[in-house]
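The primary structure of each chain is shown beneath.
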Number of protein chains: 2
Amino acid sequence: MAVKKYVFFFGGGKAEGRADMKQLLGGKGANLAEMTNLGIPVPPGFTISTEVCDQYYKNNEKYPDDLEDQVSQNLEKLEKLLGKKLGDPKNPLLVSVRSGAAISMPGMMDTVLNLGTNDESIKGLEAMTGNARFAWDAYRRFIQMFGDVVMEVPHEEYEKILDAQKKKKGVKLDTELGTEDLKEVVKNYKALYKKHTGEDFPQDPKEQLWKSINAVFGSWNNDRAIKYRAINDIKGLLGTAVNVQTMVFGNAGEDSGTGVCFTRDPSTGENVFYGEYLINAQGEDVVAGIRTPETLDDMKKELPKKYEQLVGIRNKLEDHYRDMQDMEFTIEKDTLYMLQTRTGKRTAHAALKIAVDMEREGRISKDEAIMRIEPNQLDQMLHPMIDPKAKVEAIAKGLPASPGAAVGQIVFTADQAEEEAAKGKAVILVRIETSPEDIGGMNVAKGILTARGGMTSHAAVVARGMGKCCVAGCSAVHIRNESECEIGGVGFAAGDWITLNGTSGEVIKGQTDLIEPEPTGDFAELMEWADEARKINVRTNADTPQDAANARKLGAEGIGLCRTEHMFFEGNRIDAVREMILSEDEKGRRKALSKLLPMQQGDFEGIFEAMDGLPVTVRLLDPPLHEFLPHKEEEIAELAESMGVPFDKLSKKVESLKEFNPMLGHRGCRLGITYPEIYEMQVEAIFLAACAVQKRGIKVLPEVMIPLTGTVKEMSILREMTVATAERIIKEKKEKLEYMVGTMIEIPRAALVADKIAEYAEFFSYGTNDLTQMTFGYSRDDAGVFLPDYVKKGVLEKDPFQVLDQEGVGQLVELGIKRGRSARPKLKVGICGEHGGEPTSVEFCHRVGMNYVSCSPFRVPIARLAAAQAAIREK
Amino acid sequence: MAVKKYVFFFGGGKAEGRADMKQLLGGKGANLAEMTNLGIPVPPGFTISTEVCDQYYKNNEKYPDDLEDQVSQNLEKLEKLLGKKLGDPKNPLLVSVRSGAAISMPGMMDTVLNLGTNDESIKGLEAMTGNARFAWDAYRRFIQMFGDVVMEVPHEEYEKILDAQKKKKGVKLDTELGTEDLKEVVKNYKALYKKHTGEDFPQDPKEQLWKSINAVFGSWNNDRAIKYRAINDIKGLLGTAVNVQTMVFGNAGEDSGTGVCFTRDPSTGENVFYGEYLINAQGEDVVAGIRTPETLDDMKKELPKKYEQLVGIRNKLEDHYRDMQDMEFTIEKDTLYMLQTRTGKRTAHAALKIAVDMEREGRISKDEAIMRIEPNQLDQMLHPMIDPKAKVEAIAKGLPASPGAAVGQIVFTADQAEEEAAKGKAVILVRIETSPEDIGGMNVAKGILTARGGMTSHAAVVARGMGKCCVAGCSAVHIRNESECEIGGVGFAAGDWITLNGTSGEVIKGQTDLIEPEPTGDFAELMEWADEARKINVRTNADTPQDAANARKLGAEGIGLCRTEHMFFEGNRIDAVREMILSEDEKGRRKALSKLLPMQQGDFEGIFEAMDGLPVTVRLLDPPLHEFLPHKEEEIAELAESMGVPFDKLSKKVESLKEFNPMLGHRGCRLGITYPEIYEMQVEAIFLAACAVQKRGIKVLPEVMIPLTGTVKEMSILREMTVATAERIIKEKKEKLEYMVGTMIEIPRAALVADKIAEYAEFFSYGTNDLTQMTFGYSRDDAGVFLPDYVKKGVLEKDPFQVLDQEGVGQLVELGIKRGRSARPKLKVGICGEHGGEPTSVEFCHRVGMNYVSCSPFRVPIARLAAAQAAIREK
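Residues numbered from 1 in each chain as written. Chains lettered and ligands numbered in written order. Predicted model: local features only at pLDDT ≥ 70, side-chain atom pairs only at ≥ 80, totals over all residues. Heavy atoms only, no water.

Student: Which residues make up the packing of aromatic side chains, and what are the values?
Tutor: Residues and elements named next belong to chain B. A complete count under the given rule lists 46 aromatic pairs over all chains for this structure. Ring geometry for Phe 134 against Phe 249: centres 4.8 Å apart, planes inclined by 90°, an arrangement best described as edge-to-face. Taken together, the residues Phe 134 in helix H5 (residues 132-151) and Phe 249 in the loop between strand E8 (241-246) and strand E9 (257-262) connect sequence positions 115 residues apart. Across the pair, Phe 249 and Phe 134 agree in class, each one buried. When the centroid spacing of 5.1 Å and the interplanar angle of 80° are considered together, the rings of Tyr 193 and Phe 201 count as edge-to-face. The exposure class assigned to Phe 201 is buried, which follows from its relative accessible area of 5%. (Phe/Tyr/Trp six-rings, centres within 6.5 Å; stacked < 30°, edge-to-face > 60°. Helix = DSSP H or I, 4+ residues; strand = E, 2+ residues; numbered from the N terminus. Buried < 20%, exposed > 50% of the residue type's maximum accessible area, 1.4 Å probe, protein only.)

Here it is as structure tokens:
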């Protein structure tokens, strides 16, 4: 039987690995191999594969039989190549032992440097470098690192010894210690090691090597690494690889140095060589921040030849990888070595610019450019942000409910917001929670902060719709009254300044500098490419002509959800709505509804005009009626007086409409069944509006949507009512009009009987907010109490109100589509829950065959990009 | 092609139909044919099949081509058999035309009697009977009926003519009108007919016949018939048959009469011949109630020969049909005719006695006896009932939430209930709604009346568990304060008497006589047979040793649901519970929980003892924590003082725990995840109790049940905690103990991922209350507002909280079982929602392969019987 290859050599201009072997060699190992093969100078070494890590854990921390031999052979090969030997007193080889998984987990696993130093080889090192201090410093660093990482000798004990030595010498910096001092430190370090381990510090380099390898493999499953993988959703890896590589020293003199560079500017994306370096320093020195690094321009002056060589490598790597690279290099005595290359992290702006530039440069295709952008990053391009240069300290953190940032003066009621905003003030509305009555105040506020409610609470949904910054469910907010509150223990009064970061959920005291978004031409171009690539449509959720027009500018191809209830609050309409609710009988309700009819018609005309030529899905009234009535005694009294009804009567009505679980109560089409006249008025308004705008030459495609359908009978009854009303109006107005009647699928039962419902519905629109609520049995307004804990404890991977739960809710979505299309093959299917703008959920929608997704206006570009990526990935 | 047979003759001792041809001939036609074949005297005639009705509607109200010929042939055959002719002036044949579907729809469809009378045949009738008045009365009745039923001449116009005639003659009764009067009435009737129809009254008997047949078929789809079928859930019928049958006259003299009789007493079930009759009368006269009918004993004296003949027929029919029959007979001039026989309706007691008696008599098998009882009828045998002889008038109606009846004095709080009951008073607790805090008061009350909440509201569920009468969600109840209320507009004060009928939902003012249940030996015997027949187990939902013992007496084979939260309210435990909730940290919570531990242990010991040898499923804490705290300001203040905590702090805590939708909130295993110490204490109590009672020689089979599981991770985490705790206790106590860990399936998502959950759950118990809530998106506490309307409008066939929705919720149940067993083939599956005691739902549970159903103690016998019927039906 052929022995399995576990160890992969790189060096001498060729390597056994390749860049595409990341799974097996880890990112670092694969790229070291790739660079070696490209003829780029890389300190030689070898990589022990991730399969060994996998075997190690599967076999009770034992290595495969053949591993020791393979490591020995590779070590010999390395020694031969360099003419050096590990532990050799004359010509010692020093190596580093580093982790490296297929996905980068910076700082989570262990590293050992300067391996191979011992009491003998230190002499060779001294001789070779002609620098005793350098040699002894290397030795003491090794003992410290080995003890700490491999043997768990407490880190701070080493520090104590070093500090004692400095004190003794009356110096402050490590660099001020001389050779003799370091020798003493080494002695004390060894004593410490023995005290803690009961053994002498190992002098055998092989023992050093194997213990270090064990430690690195062992660090794959240390607590922080496990947690990191959980948090970052890293799965399906075999383990870490271990890279054993020849040490090179940037601190070997004035002809040495070390640096980090990017092939392009990672913050702007500009095609300029960008980076920093330090002369006579090691990587750690850059990190420690003791010396300020210089720019590459300085390097160009100081080490022009090395700089030229580095530029060459930069060009070669970018040509080769066809993406912006983040590289580490070290110059040892005028010889340049590359220690790492990897795809560089970048800002949203940079990502966009680099992708579009690289397509223009002919390096990548349009599809590749599209795949280079993380859709959620686009959010940064569309909202104001806190200036990254501003120093801010958050006093509290809530849910990042609607992205962007806002600075303003605190107000506590919607009325205050409107008053202050009318005076030209920037205001932040701070509430326990918002309700539809607050809509006016929310509209004029710069941002919204709530103490309660989740990512799909009223505040969050409305704010996202408006593209307005919102931090929701911030439990550190305690509102004392309508002029004072406490946030994270800090007292605030109305008028005090505050800053919200809706992208992170942070609340910041006082005013902070913001930067405004500047979607560039690159943005528009990439979006065009995305539109060509994607297969499903992107619509928007919009309730006003203004939102509709805005969404259209952002690329919306129709309205997927126009909520009619928001219109019920505007201006003095609420009076007519309340009159309707308080009516004793159908006749009274019809009278009140007839007052609303022309107003609703006006609303629809505005929206139809804004969406000329594009479909508009109008959802009939959804919320329970008690949402339109006041609940506090004094408010009821006020309303009773203004309406001229007895307080008792109004109070009784409010009481009788109260619900224990309004989310599961008398709302949606249940209202349409019990009070058909409400839906009739709405349908009438829709078709009167449609006929009116059509006469003005506007192309209108109304789609009437029944909410909260759970039984086929609800759909058949309401479809009949809708069609009868629509046909009546169309006939009266002597128009010809195409229209559709469909339903939300947001009740689990609706998905289960979708085949029957589809007989009466021309389209389905998945309301995944409610569907998630009911499939999980989570109230989106209350789950904020336990959901964060659930995600933290790993009960849930993601908040299912943010990312569609494909495992559970997704089953119902898929089932419903399948069954629906079994009864009506041409059934149009979309989604209008908050998930319609979340990239992984959009990909799911693409995969299960939806025709469109619909999301809040400011997420339209994200959905367009995510849909394009889904289509490309499918290829 | 052979012509299809549409018309079936009966007469002359043989018939073309049979009793088992009900679908084709309707119940009446099939039984007339059967009786004819049995040699029982039946006025001859023929039946037009239900297929004709079906064709008629399918073909735009046209009959099959051949029908007219077939009717003519059968009419000729009838005329030949009797030697009479339709419309013959000398020897006229008179017939009735009646509807008759496979399922009886009494009074819903049309009937025409005396058909064949006209200006000519009336002479023959006069001559034949020698009774001119009789003949003219028959003619006038025919004109009236034909005009009314066939031609829609307003009914009241006929009455006006008749009344005018009586007035003119100065008489009061129809029977006081003489021949000449009736001739004048006939004249006026004909004029009325012409005025309304524009035609003369038809003299052609064939025209009379076909118009009547049309009318009867037409009446299949009149509004009331459609409504009746909807209400009574009658489906799958082809239509009605039409019976054309020779008229016989019970009003032909003192040797004539008519009657109704039952082969056994329909109210007691005793095997005695039971019935009533009237001499010289027609069926209508019995109904009209003008004369008081005589008993069969009178008939025995007055018409001994006819009585003997009738007894012979009774015996023959019961022998033949092997069930109690409800028969109609007419004696025309000393000749006995049977006009109808059908299975007789009976009381629950009678049904039971008849079924058991008939098995003993060897008439039917045990299986058949079991099938003879409607399981829901058993309720009557187990609860007190309002004396059927008592005259009661309901002042309001609510939901029949828990069956039986109760009489008592009104109290408005649980405290009042306990105080008054302690004085020996019978009390009825009247509340807006009940909460777990009311449990003590509910326990001592005779009955419970609530203004809000549905069939599965707290009041309803708890009352059913206690076997206590409850009327819930009675919106006519308005509670003014703690000493006054208004019910259906009537004012009541504390201490006023009231009667509740929990079987009908009626509320009655004052005291009413009740009769106590007396489950007889027959009951026990039938139950034994049922237990032999059924395949699934029946357990009970019980929270106290008393309930458990009671349920065991009623046949429960274990506890399927022991709710631990009810125990949290007893005595002063609530103090410890509140201390736990108000604790700042885990340590504080553990301290409070340690006080609860011995009390919970004691509860479990009592229950385990009561269920010695039978399994007990204990559900860990389910309700949200705010249910254990007061919500009104004064109550909070009181509690704050008694606990020695600041009002503000307590008030803040209550506020922070408030939920918008508590049903979808922080409850069930979500509490177990965030506060593991609560569940740990409960598991500890269960196993401490189990070990303790086992030491006393009791056999204990604990099953720990996790509520509200929605994700596999919840189950795996809580299973691990449960097993670890259990093993620790078992080891400490040095016992050996079998136990199981399982979960409720009540969240739709749990059913969808049941395969994954089953890896960690040894049993599933379907909580179909919550599953129904979430699958439909209906809050059981709020749906009372629209559900009745939904059922009335046919949106739903049944209230899904009463009868399991097999179409929707049932899909999730079946799917969950299938997936669960795919991962764990021996998975034990049961149901512990309210549906576990509802017969059609029990049948569903049997069909989908559950191992058991669990229901409230008083429904255990119903479930046993329903399970037996399901098993028998499957054979």
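Student: Give me the sheet that holds strand E19 (residues 447-450) of chain B: which residues, what numbers.
Tutor: All names here are of chain B. On the basis of which strands lie adjacent, the open sheet formed by eight strands has the order E15-E25-E24-E17-E18-E19-E20-E16 and mixed pairing. Only two strands of the sheet have a single partner each, and these edge strands are strand E15 (394-397) and strand E16 (399-402). Taken over all neighbouring pairs, the strand axes of this sheet differ in orientation by 30° on average, direction set aside. Where strand E24 (residues 497-501) lies against strand E25 (residues 506-509), four bridges are found, and the strand directions are antiparallel. Across the sheet, Ile 498 pairs through a bridge with Lys 509, a residue of E25. Across the sheet, helix H16 (residues 414-422) lies against strand E17 (405-411) and strand E18 (427-431), angled at about 175° from E18, the strand it touches most. Its contacts with the sheet place helix H18 (residues 458-466) against E16, E19 and strand E20 (469-472), and it is angled at close to 45° to E16. (Pairing = 2+ DSSP bridges. Axes fitted to C-alpha atoms, helices over the stretch in contact; angles between N-to-C directions. Contact = heavy atoms within 4.5 Å.)

Student: Can you lay out the nonpolar core for me, pointing to particular residues and giving the numbers?
Tutor: A:Phe687, A:Phe764, A:Tyr766, B:Phe687, B:Phe764 and B:Tyr766 are the most contacted members of the largest nonpolar core, which has 317 residues in total. Setting aside its immediate chain neighbours within four residues, A:Phe687 contacts A:Pro702, A:Val704, A:Ala726, A:Ile729, A:Ile730, A:Leu737 and A:Tyr739. (Core = buried A, V, L, I, M, F, W, Y, C linked by side-chain atoms within 4.5 Å.)

Student: Just give me the short version of the interface of chain A and chain B, but keep the residues and values in it.
Tutor: The interface of chain A with chain B comprises 50 residues on the first partner and 51 residues on the second. Surface buried jointly by chain A and chain B totals about 4,700 Å² across both partners, of which 55% is contributed by carbon and sulfur atoms. On the chain A side of the contact with chain B, A:Phe660, A:Leu664 and A:Arg749 bury the most area, a combined 15% of that side's loss. The tally of links from chain A across to chain B stands at eight salt bridges. In this structure, the salt-bridge partner of B:Lys756 is A:Glu807, at a minimum N-O distance of 2.7 Å. Across the chain A-chain B interface, the total number found is 32 residue pairs in polar contact (both at pLDDT 80 or more). When residues of the side of chain A that touches chain B are traced back to their parent elements, those giving at least two are helix H24 (647-657), helix H25 (669-674), helix H27 (712-732), helix H28 (748-752), helix H30 (768-776), helix H31 (787-792) and helix H32 (809-823) of chain A. Counting residues per element, the side of chain A that touches chain B draws most heavily on H25(A), at four residues. Split by residue class, the side of chain A that touches chain B holds 20 nonpolar, 12 polar and 18 charged. (Buried area = accessible area lost by both parts, 1.4 Å probe. Salt bridge = Lys/Arg side-chain N within 4 Å of Asp/Glu carboxyl O. Polar contact = N/O pair within 3.5 Å; in protein donor to acceptor, adjacent residues only side chain to side chain. Nonpolar A, V, L, I, M, F, W, Y, C, P; charged D, E, K, R; others polar.)

Student: Kindly report on the relation of the copies chain A and chain B, identifying the contributing residues and their values.
Tutor: Expressed as a screw transformation, the operator carrying chain A onto chain B has a rotation angle of 180° and an axial translation of 0.1 Å, and the superposed copies differ by an RMSD of 0.2 Å. The operation mapping one copy onto its partner corresponds to a two-fold rotation axis. Here 100% of the interface residues in chain A have copies in chain B that are interface residues too; the copies meet face to matching face. (Least-squares fit on C-alpha atoms with pLDDT ≥ 70 in both.)

Student: Please give an account of helix H23 (residues 633-643) of chain B that cites residues and values.
Tutor: Counting along an α-helix, one turn takes 3.6 residues, and residues three or four places apart therefore face a common direction. Residues and elements named next belong to chain B. Within H23 the residues assigned to the buried category are Ile 636, Leu 639 and Ala 640. In a view along the axis of H23, the buried residues occupy a sector of 105°, so they form one face of it. Of the exposed residues in H23, the ones pointing more than 90 degrees away from its buried face are Glu 634, Glu 638, Glu 641 and Ser 642. In this structure, the buried side of H23 is in contact with helix H21 (573-582) and helix H24 (647-657). Positive phi shows up at Gly 644, right after H23, with a value of about 70°. (Arc of directions from axis to C-beta.)

Student: Give a detailed account of the confidence of the model for chain A, specifying residues and quantitative values.
Tutor: Do not read the predicted coordinates in detail wherever pLDDT is low. Mean pLDDT for chain A: 92, with 98% of residues reaching 70 or above. Reported confidences for the modelled complex are a pTM of 0.82 and an ipTM of 0.82. (pLDDT = per-residue confidence, 0-100.)

Student: Outline the pairing of strand E27 (residues 537-541) of chain A, listing residues and values.
Tutor: Residues and elements named next belong to chain A. Taking burial as the measure, the five residues of E27 include four buried ones, the bulk of the element. Taken together, the four bridges between E27 and strand E34 (residues 852-855) define a ladder with parallel strand orientation. The residue of E34 that forms the bridge with Val 538 is Val 853.

Student: Go over the sheet that holds strand E13 (residues 335-343) of chain B with me, naming the residues and quoting the values.
Tutor: Residue and element names in this part refer to chain B. Reading across the sheet, the five strands line up as E11-E10-E9-E12-E13 and stay open at both edges, with antiparallel pairing between neighbours. Among the strands making up the open sheet, the edge pair consists of strand E11 (294-295) and E13. Sheet topology note: the strand E12 (residues 325-332)/E13 ladder contains eight bridges and is antiparallel. Among the inter-strand pairings, Gln 325 is bridged to a residue of E13, identified as Thr 343. Across the sheet, helix H12 (residues 304-321) touches E9, E12 and E13, and the angle it forms with E13 is around 30°.

Student: Any chance you could break down the packing of helix H3 (residues 67-82) of chain A against helix H8 (residues 205-219) of chain A for me, citing the residues and the numbers?
Tutor: Residue and element names in this part refer to chain A. Between H3 and H8, the shortest axis-to-axis distance is 13 Å and the interhelical angle comes to 120°. By the angle between their axes, H3 is oblique relative to H8. The element H3 and its partner H8 pack so that their crossing is right-handed. Taken together, the residues of H8 that come into contact with H3 (itself represented by Leu 67, Glu 68, Val 71, Ser 72 and Leu 75) are Lys 206, Leu 209 and Trp 210. Each residue belonging to the contact of H3 with H8 can be placed in one class, and the counts come to five nonpolar, one polar and two charged. (Parallel < 35°, antiparallel > 145°, perpendicular 65-115°, else oblique. Left-handed = near helix turned anticlockwise from the far one by under 90°.)

Student: Lay out H24(A) with the relevant residues and their values.
Tutor: Residue and element names in this part refer to chain A. When H24 is considered as a whole, its buried residues turn out to be Leu 650, Val 654 and Leu 657. Summarising the axial view, the buried residues of H24 lie within an arc of 70°, below the 170-degree limit, and thus occupy one face. The elements touched by buried residues of H24 are helix H21 (573-582) and helix H23 (633-643).

Student: So what's going on with the environment of B:Glu393? Residues and values would help.
Tutor: Within the secondary structure, B:Glu393 sits in the loop between strand E14 (385-386) and E15. Apart from the residues within four sequence positions on either side, B:Glu393 is in contact with B:Val507 and B:Ile508.

Student: Please give an account of the environment of B:Ile607 that cites residues and values.
Tutor: All names here are of chain B. Among the structural elements, Ile 607 can be located in helix H22 (residues 586-610). Taking the C-alpha atoms as reference points, Ile 607 and Glu 714, separated by 107 residues in sequence, lie 27 Å from one another. Non-local contacts of Ile 607, meaning those with residues more than four positions away in its chain, are made with Asp 543, Thr 544, Pro 545, Ile 559, Cys 562, Met 567 and Val 616.

Student: With reference to specific residues and values, describe the side chain of B:Thr330.
Tutor: Residue and element names in this part refer to chain B. By the secondary structure assignment, Thr 330 is in strand E12. At 3.2 Å, the side chain of Thr 330 and the side chain of Thr 258 are in polar contact. Ignoring anything within four residues of it in the chain, the contact list for Thr 330 reads Val 248, Phe 249, Gly 250, Gly 257, Thr 258, Thr 335, Leu 336, Tyr 337 and Leu 339.

Student: Quick one: what's the story with a negative patch on the surface, residue by residue and with numbers?
Tutor: Residues and elements named next belong to chain A. A cluster of like negative charges, contributed by Asp 415, Glu 418, Glu 419, Glu 482, Glu 633, Glu 634, Glu 635, Glu 638 and Glu 641, occupies part of the molecular surface. For the negative patch, the elements supplying multiple residues, two or more each, are helix H16 (414-422) and H23. Here the negative patch gets five residues from one element, more than from any other, and that element is H23. With a relative accessible area of 52%, Glu 482 lands in the exposed category. (Patch = residues over 30% accessible without salt bridge, like charges linked within 9 Å, V, L, I, M, F, W, Y side chains within 5 Å. Areas by Shrake-Rupley, 256 points an atom, 1.4 Å probe, with all protein chains shown as cover. Lys, Arg positive; Asp, Glu negative; His and termini not counted. Charge placed at Lys NZ, Arg CZ, Asp CG, Glu CD.)

Student: How would you summarise the pattern of salt bridges if you had to cite specific residues and measurements?
Tutor: Residue and element names in this part refer to chain A. Per the counting criterion, the structure on display carries 137 salt bridges over all chains. When the shortest N-O distance is used, the salt bridge between Lys 211 and Glu 199 registers 3.7 Å. In this pair, Lys 211 is assigned in helix H8 and Glu 199 in the loop between helix H7 (179-197) and H8, connecting sequence segments 12 residues apart. On the basis of relative accessibility, which here comes to 38%, the residue Glu 199 falls in the partly exposed class.

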